[in-house]
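Here's the letter readout for the chains.
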Amino acid sequence: MPSIPRSETDHRIKLFQEGLARMDLDAALIVQRADLYYFSGTGQDAHLFIPVNGNPLLMARRSFERARVDSPLENVVPVNSLSEIRGMINSSTEGEFSRLGMELDVLPVNNFRQYESLFSGIDILDVS
């Protein structure tokens, strides 16, 4: 059973999407555990893609089954490596995105460089 009611995660995500729109961002990729829990209801090793419009995609790297149990989100999929994330995002969204928000206040530089390489050609901006 989800730890956070779906109505609550839906409300939080809707408000966040409104903020993305105000910042002229196409989407955000949430990686920090506290933020993951806040928006998805799980603290598992995962990435949460939140488009400015549409449903979020939770990509669980470890404990996929636990993430499914914890989270009230509809789109929860397993992912084995960081290199798979962009393809999963591209297959789950309509159209391209060019401006991606991330939590740059807590993301280590080495990790940022990995995401920068993974999302080559996409502007990564701070949504902290």
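Here we summarise the structure given alongside this text. (Residues numbered from 1 in each chain as written. Predicted model: local features only at pLDDT ≥ 70, side-chain atom pairs only at ≥ 80, totals over all residues. Heavy atoms only, no water.)

Some details on the overall build of the chain
Moving on, step 1. Within the chain, the regular secondary structure consists of five helices and six strands.
Moving on, step 2. Computed over the C-alpha atoms, the radius of gyration of the chain is 13 Å, within 12% of the 14 Å expected from 2.2 N^0.38 for a compact globule of 128 residues.
Moving on, step 3. In terms of principal-axis extent, the alpha carbons of the chain reach across some 40 × 30 × 30 Å.
Moving on, step 4. Scored against the burial criterion, the 128 residues of the chain give a buried share of 45%.
Moving on, step 5. Pairs at least 24 apart in sequence give 53% of the contacts found in the chain among residues at least 6 apart.
Moving on, step 6. Accessible area for the chain stands at about 6900 Å²; split by element, carbon and sulfur atoms hold 46% of it.
Moving on, step 7. With 12 positive and 18 negative side-chain charges, the chain shows a spacing of 4 Å between the two charge centroids. (Helix = DSSP H or I, 4+ residues; strand = E, 2+ residues; numbered from the N terminus. Rg over C-alpha atoms; globule rule 2.2 N^0.38 Å. Buried < 20%, exposed > 50% of the residue type's maximum accessible area, 1.4 Å probe, protein only. Contact = heavy atoms within 4.5 Å. Areas by Shrake-Rupley, 256 points an atom, 1.4 Å probe, with all protein chains shown as cover. Lys, Arg positive; Asp, Glu negative; His and termini not counted. Charge placed at Lys NZ, Arg CZ, Asp CG, Glu CD.)

Quick word on the sheet that holds strand 5 (residues 99-102)
Strand pairing in a sheet relies on backbone hydrogen bonds, with the paired strands running either antiparallel or parallel.
Moving on, step 1. Strand order across the open sheet formed by six strands is 4-3-2-1-5-6, with mixed pairing between neighbours. Both outer strands of the open sheet, strand 4 (76-78) and strand 6 (123-126), are each paired with one neighbouring strand and no more. On average, adjacent strands in this sheet sit at an angle of 25 degrees to one another, irrespective of strand direction.
Moving on, step 2. Most of the contacts of helix 2 (residues 33-40) go to strand 2 (residues 46-51), to which it runs at about 55 degrees, and overall it touches strand 1 (27-30), strand 2 and strand 3 (57-60). (Pairing = 2+ DSSP bridges. Axes fitted to C-alpha atoms, helices over the stretch in contact; angles between N-to-C directions.)

A few points about the packing of helix 1 (residues 6-22) against helix 2
Moving on, step 1. Where helix 1 meets helix 2, the axes come as close as 7 Å, and the angle between the chain directions of the two elements is 115 degrees. By the angle between their directions, the pair helix 1 and helix 2 is classed as roughly perpendicular. Where helix 1 approaches helix 2, its residues Thr-9, Arg-12, Ile-13 and Phe-16 are matched on the opposing element by Tyr-38, Phe-39 and Ser-40.
Moving on, step 2. Taken together, the residues that form the contact of helix 1 with helix 2 break down as four nonpolar, two polar and one charged. (Parallel < 35°, antiparallel > 145°, perpendicular 65-115°, else oblique. Nonpolar A, V, L, I, M, F, W, Y, C, P; charged D, E, K, R; others polar.)

In short, the description is geometric, and any link to function would need to be established separately.
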